[in-house]
Amino acid sequence: MRYDTQAGSRGRISFVLIGCERSGQYRCRKKDCVRRDTGSRKCGCPFKFHGKPVIGEQGWMVKLMCGIQNHELAKSLVGHPYVGRLTMDEKTIIADKTKSMVKPRNILLTLKGPLKEHNVNSYTTIK
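The structure presented is a predicted model; accordingly, all values stated were derived computationally and were not measured. (Residues numbered from 1 in each chain as written. Predicted model: local features only at pLDDT ≥ 70, side-chain atom pairs only at ≥ 80, totals over all residues. Heavy atoms only, no water.)

1. Concerning the overall build of the protein
- Within the protein, the secondary structure is distributed over 2 helices and 4 strands.
- If you list the helices and strands of the protein from N to C, you get β-β-β-β-α-α.
- Burial status across the protein gives 13% buried among its 127 residues.
- At a minimum sequence separation of 6, the contacts of the protein that also span at least 24 residues come to 37%.
- Accessible surface, the protein as shown: approximately 10,900 Å² in total, 55% of it carbon and sulfur. (Helix = DSSP H or I, 4+ residues; strand = E, 2+ residues; numbered from the N terminus. Buried < 20%, exposed > 50% of the residue type's maximum accessible area, 1.4 Å probe, protein only. Contact = heavy atoms within 4.5 Å. Areas by Shrake-Rupley, 256 points an atom, 1.4 Å probe, with all protein chains shown as cover.)

What follows is the structure, encoded as structure tokens:
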């Protein structure tokens, strides 16, 4: 959610505030935005904890601020933005296939293909 690494600058202390990716509410980027049949991952989840380095020692002190989640945990990681990221090898494959005018569905089949020569645990979608 937030962090500060400017330790020593005007008495500031390094910290990290980690929260659920589904915390908060959806904010439209445009002023006259009207949401119709779209969904949002945000559901106002209050789960978060605060961490700061222990003074004079190595390590961090972590304080649980709210341990409650108001949603079910995901059963599958398909469609999740973090695990759907492409590796550098996959990006070069996509660039080469795109230059060769290969259709996106065939590029995806190449990445997840039956030969299993690429990342077996890839959760990349067609988007």
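2. A short note on the environment of G59
- Take G59: it is sitting in the loop between β3 (48–53) and β4 (60–66).
- Not counting residues within four places of it along the chain, the set of residues in contact with G59 comprises P53 and V54.

3. Focus on unusual backbone geometry
- Non-glycine residue M101 carries a positive phi angle of around 65°.
- Position of M101 relative to the elements: it lies in the loop between α1 (88–99) and α2 (104–112).

4. Things to note about the packing of aromatic side chains
- Tallied over the entire structure, the rule returns 1 aromatic pair.
- When the ring of F47 is compared with that of F49, the centres are 6.1 Å apart and the planes differ by 75°; the resulting orientation is edge-to-face.
- We classify F49 as partly exposed; its relative accessible area is 23%. (Phe/Tyr/Trp six-rings, centres within 6.5 Å; stacked < 30°, edge-to-face > 60°.)

5. Some thoughts on α2
- Along α2, the residues classified as buried are I107, L108 and L111. What you see down the axis of α2 is that its buried residues fit within an arc of 100°, all on one side. Structural note: α2 exposes R105 and L109 on the side pointing more than 90 degrees away from its buried face.
- Buried positions along α2 lie against α1. (Arc of directions from axis to C-beta.)

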